[in-house]
Amino acid sequence: MFTILIASGLLAAAPERPLAIHADKARLADGKVLEDAWVVIEDGKISSVRSGGEAPEDSAVLRHTGWISSGLVALHAYAGTPRAELRDTTRTMLPEARIAWALDPARPEVADCLREGITSLLVTPARQSLVGGAGAVLKTAGGTIVSREAQLSLGFAAMSYVSNRYPTSFQAGLAELERLLEKPSGLLEKAKEGELPVLFEVSERSDVMRALAFAKQQELRGALSGAEWTGELAKSVKESGLSVVLPPIGLGEERRALRAVLSLAQEGVPFGFGLDAPLSHPASLRLAAALCVREGLAADQAWRALSSEAARIAGVEAQLGALAEGQQADVVLWSGDPLELTSSVQAVYVDGRRAYTAEGR
Amino acid sequence: MTPSLPGLVLGLSASILSSACATAASPAKARPGGEQPATEVLFVRAERLIVRPGVELEGAQVVVRDGRIAAVGKDLAVPEGARELAAPYVCAAYLDPWGALGLAADARVDSATTAGTRAADGVDTYGNKELRLETLRAGVTCVRVQAGASARVSGLGAVLRVAPGLSPAEAILAAESALAMSVGLSANAPNQGPSFDFVDGQLVQRESSARGMDLFDRVGDIDRVVTAIEGGRSYLQSKIEHKHELAEWQKKITEKETELDKEFKKAKKDREKEEKDAKEKGKKFEEKKYKEDKRPQPPRYDEDNEVLGRVANGELPLVVQVHRTAELRGLLAATAKHDRLRLLVAGGSEAMNCSATLVERGVPVIVMPALVGEGAVDELDGADLTLAARLAKAGVEVLIGSGGGSAAASRDLPLLAQIAVGNGWTREAAFAALTVGAARALDVERSIGTVERGKSAELLLLEGEPLTNAGRVKYVISAGRVVLTPETK
Amino acid sequence: MKTQWLLLSLVATASLARAGDDERKAWTILAEKIYTSTGRVIEKGMVQVNNGKIAQVTPSVEEGGAATELKVYAVTAGLIDASARLGVSLTSVEQSTEVQPHRRVAQAVDIFAPEFERVLAGGVTTVLVNPPDSNVIGGLGVALKTAGGDTLESRTVRADVALRGAIGSQPSGGNRPAFGRATDFFNRRPTTRMGVEWEWRKAFWDAAQVERDESKRFPGIERMQEALAGKLTVSIQAWTTQDIRTAVFLKEEMEREKLGSPRLVIDAAAEAWKEPQLLVRSKTGVVLPPFPALGRTGDGAFMAWNTAQLLHEKGVVVALSAHGAADLDERLAAQAGYAMRGGLSFEAALAAVTIHPARLFGLEERVGSLEVGKDADLVLWNGEPFEPTSRPIGVIVDGVLRVDPRPAPVD
């Protein structure tokens, strides 16, 4: 794919003039496709998105043969933290822990995500803690932490329990959580008030059942993360108002898991794709979307799960996840439709600056 | 037992003939009580028909009869009683040249394989029905399997059809497709002690030792391959020589007999006279003895060398799984003098470093792209997504396979091909690699790989272009039968 | 009166209910034999099910009518496994201290575990699920249906059915003496049977004394008080004679000291046949474990084939259990058959898998027999129940057909 630079001086430094990018097609936040798209970036933000017409005067112009979209938002990643730092093993409940303090944006796996078109990551504490602490939203270039308290992780899966440390059972774990939320302070208080969404780490359907009951009892909002068959309880999830973060869907995934995703879509449950990078390859994010589309998910729904819906689950929908006016300028130039696996990333902009250019361009 | 022809030519032509028979597809006959219905006559209408990469027909039709493609063209007449199918795109079905579906599980992990081990003997055509249907739904109808996936010598591979419910005869497309070996795999590294990781403050034993081999082990592996090939070659040679010698010896015997025949009367008279003389003189009569040359012994039958001989001769291709630069270079150098050897490299993670030699020698590389994050343990896991594109750009013939480690992996092959295209490979090359390229490399291109008259009917009827999200599989035809429809669960 | 009966025997392929059968339809079951578990056997009668409950059980048959008809050989009430051990694992029992009477295993049961469906196919409609016996006192068990909605509430027959614990070697297994070792959760008492018994007795004594001495309070003590008073059934796993003796003596000690009168049920009482008089005099109910093939079973206890018969003769309330097994030779229906082979009568065997477990655990208002007003839990058989030549071909739970006796339509 060949891109012609009409104006000069478009390097890593922030352009002083607005940058107008023209692409053959654009993927919008709701999944619809815009033809003959112009996207204007100014001061690190998207100032306009429209179809047809000309570039604004005194703007630098970039003509791209291919598609343009907002950067992908990957939920539930571990990239940016050394593996051993994800979980404090001395205590299973650390309500005031914030993963933002463990982030190192210079780690190579963050750049790996950038190269796959992922511009922001929701980095979460490991799933094995009963109360893991607050996750954070990190940009994959520039090191900006968009949100230091994106959600509070609570463990509802069997992996949160070991037999040689209190609590050893679901019953006692739930009782502990209830106790903590009875007179909450700090992050727990925010969660109880509904200001901070909760990420319920689940694995099996019985975990989902328990999490739904707990969320209802404590009046918590947030998302269920990590159970591939959550969709089989889609009606109950819809009633609860919780969203869903899907576990990474890889090659060789059972059809049952893919059908569960379709059930979620059918019931209107909002969902996004989880990544678990660097444990899984960053390309798995789009692969998950492609597998769901192959199974029958509508393309625009798949796109929303990769971008705007994911940003909403991470609590940053005002700034990220949409190719729209006022959003931060995280855009990706693709060789083709980003939902097609045969398309590749040509260039990535983060906060209005060129952060990555594919080789050979 | 006098042979009528000189032995040398006979020996060679016999073996060529037998291997040709092995690779011919056997058309299906109706099996009463079997799962698959009898073959029917099919009439396929395509808005676009991809005959072979680069040759596309618009508004074309294909007639399938008795398991084979009977006609391809435009404006064909519908045969009587034919079942009619239509699709926007029709193309040849995919072949996974490095897979494991259809092989019994213990055959796959067998570590005691030798060159003579035949994967066709370990085929399990039953079971795994759901997996087979999913693989068909992905577009893969044939898979080459090897026993002993990570063994040093895996034996003779077979090309199998994926569809469930086929008889063993139909399921095996080619009983002897290629010999496979491996060089430098960590799994075969000798003296492997357990190795450990420090995880969460605790020592955890790794599942496989990723230490790889040291220089001497590697050289040893390459030597093993070369020695085996040379052994096969000399075995073949001694077989041919034996035939030659046998013929000579027979000739001599015949000549001697004719000679004796001629002088029979005189010899008889002489013998009677001698007998009489001996009797008179009182001596003991001794028969004149004629010494025969000893009959030349054939070389002792060696099953492994039989196969290796055919490989050395170029009748069977040799697939060698090798990843690292040093081993690959060593292998290419050591086999340079075997000009008849047909080599294929499987894996080739670092093949870019030898790309010039690979191009020069015409060695194709079967890449195994994989989506692995930090979980990569040894060279089998960390396959690079851009490898196909880079090798292709350097001029190497690139094929794509699923790695032979798991039966389920063949299903994901077309998706991996798409991802490789997303990483720089061209879609045309990917499509060719999955169809005609793989078929040619494995000597089955007379049966599969393109939509041409006479070949076995292995077809995909797609809703869109192959290797795109829109290109969903509608129908799959394998061995001339419709093995997958949109209604199939 | 019907003159013709369809014997849906070995020809019928019982299939798990087809889609669309989820609604609580009205059913009319016509059977040669209706075994009600009340002592009454009806020949050539009819059971009518409506709205999830049993509407009628009668010898007079009316054919036609709006309800869907099912014709089978025999009908019994849904079987009840009094010690099912399904859907639980190590994360279902709290082991941070030995005595955890207030923990409810219902919060940890995985109702989606495929095991439930498997035992359902064997005719078991209600199961007693207890916390695993790795703790001395593990907490409160629950009675669940083996099929139902996606929530715990929809499946619960009765919550907090019994206070569960164990006497024997299992609760002390894994504990090590604390001397000279690095700190570990399991370096603690008890390491022997006497330690286990000590914990039990201490828990009861503390419960009895806490009103006078506040220092004796521990979390869950209220449950111990209920148990002491006899308001909460105490279910103790005790395989061997000495453990059964310990359990009964514990109860008798509480009575003797006038601390209370616990209502005791002994689970896995394999060697109860050795000293049945203990059970008779203390009016203790018994749940037997699966019959072992070669005699020896858990904790080294020896269980004879005639254990059930012997105890039944003496007047002990006996219930059978299969510990959640679903295989043809291990399932609950097979256990009833083994008990019969050991001499137990059919009526008593049927009671042991229906009304006795219901009575032992206070479920008899809802389940356990074919009586009007009870939950519509039925098992439809193609022959005499518990015979090896018969099997359950249909199962109805709460009025919903879960296993369909009708042959599947040909595609």
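Quick caveat: nothing in here was measured; it's all calculated off a predicted structure.

Most often, soluble globular proteins have nonpolar side chains that are buried together. Counting 171 residues, the largest nonpolar core has A:Phe200, A:Phe271, A:Phe273, C:Trp200 and C:Phe386 as its most contacted members. Ranked by residue count, the leading element in this core is helix H7 (residues 284-295) of chain A, at eight residues. Excluding anything up to four places from it in sequence, A:Phe273 contacts A:Ala74, A:Leu75, A:Val245, A:Leu246, A:Ile249, A:Leu285, A:Ala288, A:Ala289, A:Cys292, A:Ala302, A:Ala305 and A:Leu306. Membership of the second largest hydrophobic core comes to 98 residues, among which are B:Cys91, B:Ala163, B:Leu308 and B:Ala417.

Attention now moves to the packing of aromatic side chains. One pass over the structure, following the stated rule, counts 13 aromatic pairs over all chains. Ring centres 6.2 Å apart and planes at 85 degrees place the aromatic pair A:Phe271 and A:Phe273 in the edge-to-face group. A residue is classified by how much of its surface remains accessible, and A:Phe271, at 2% relative accessible area, is buried. Note on A:Phe273: relative accessible area 1%, which makes it buried. Centroid distance C:Phe291 to C:Trp305: 5.7 Å. Interplanar angle 5 degrees. Geometry classified as stacked. In this pair, C:Phe291 is assigned in the loop between strand E14 (285-288) and helix H7 (307-313) and C:Trp305 in the loop between E14 and H7, connecting sequence segments 14 residues apart.

Our next topic: the interface of chain C and chain A. Residue-level contacts link 21 residues of chain C with 20 residues of chain A. Both sides of the chain C and chain A interface together cover about 1700 Å² of buried area, and 55% of this is carbon and sulfur. Of all residues in chain C, C:Thr91, C:Gln107 and C:Phe112 bury the most surface against chain A, accounting for 36% of the area lost on that side. Counting across the interface, chain C meets chain A through nine residue pairs in polar contact (both at pLDDT 80 or more). For the side of chain C that touches chain A, a count of residues per class yields 10 nonpolar, six polar and five charged.

Residue and element names in this part refer to chain C. Each domain of chain C was delimited in the assignment, giving domain 1 (20-77 + 374-403) and domain 2 (80-360). Taken together, the contact between domain 1 and domain 2 spans 21 residues of the former and 21 residues of the latter. Taken together, domain 1 and domain 2 are joined by three salt bridges. Its salt-bridge partner being Asp-375, residue Lys-145 comes within 2.8 Å of it at the nearest N-O pair. Scanning the region where domain 1 abuts domain 2 turns up four residue pairs in polar contact (both at pLDDT 80 or more). Elements that contribute at least two residues to the side of domain 1 that touches domain 2 include exactly strand E5 (68-77), strand E16 (378-381), strand E17 (392-397) and strand E18 (400-404). A total of four residues in the side of domain 1 that touches domain 2 trace back to one element, the largest contributor, which is E17. Residue classes in the side of domain 1 that touches domain 2 are distributed as 12 nonpolar, three polar and six charged.

Calculation notes
- Residues numbered from 1 in each chain as written.
- Chains lettered and ligands numbered in written order.
- Predicted model: local features only at pLDDT ≥ 70, side-chain atom pairs only at ≥ 80, totals over all residues.
- Heavy atoms only, no water.
- Core = buried A, V, L, I, M, F, W, Y, C linked by side-chain atoms within 4.5 Å.
- Buried < 20%, exposed > 50% of the residue type's maximum accessible area, 1.4 Å probe, protein only.
- Helix = DSSP H or I, 4+ residues; strand = E, 2+ residues; numbered from the N terminus.
- Contact = heavy atoms within 4.5 Å.
- Phe/Tyr/Trp six-rings, centres within 6.5 Å; stacked < 30°, edge-to-face > 60°.
- Buried area = accessible area lost by both parts, 1.4 Å probe.
- Polar contact = N/O pair within 3.5 Å; in protein donor to acceptor, adjacent residues only side chain to side chain.
- Nonpolar A, V, L, I, M, F, W, Y, C, P; charged D, E, K, R; others polar.
- Domains from an automatic or database assignment.
- Salt bridge = Lys/Arg side-chain N within 4 Å of Asp/Glu carboxyl O.

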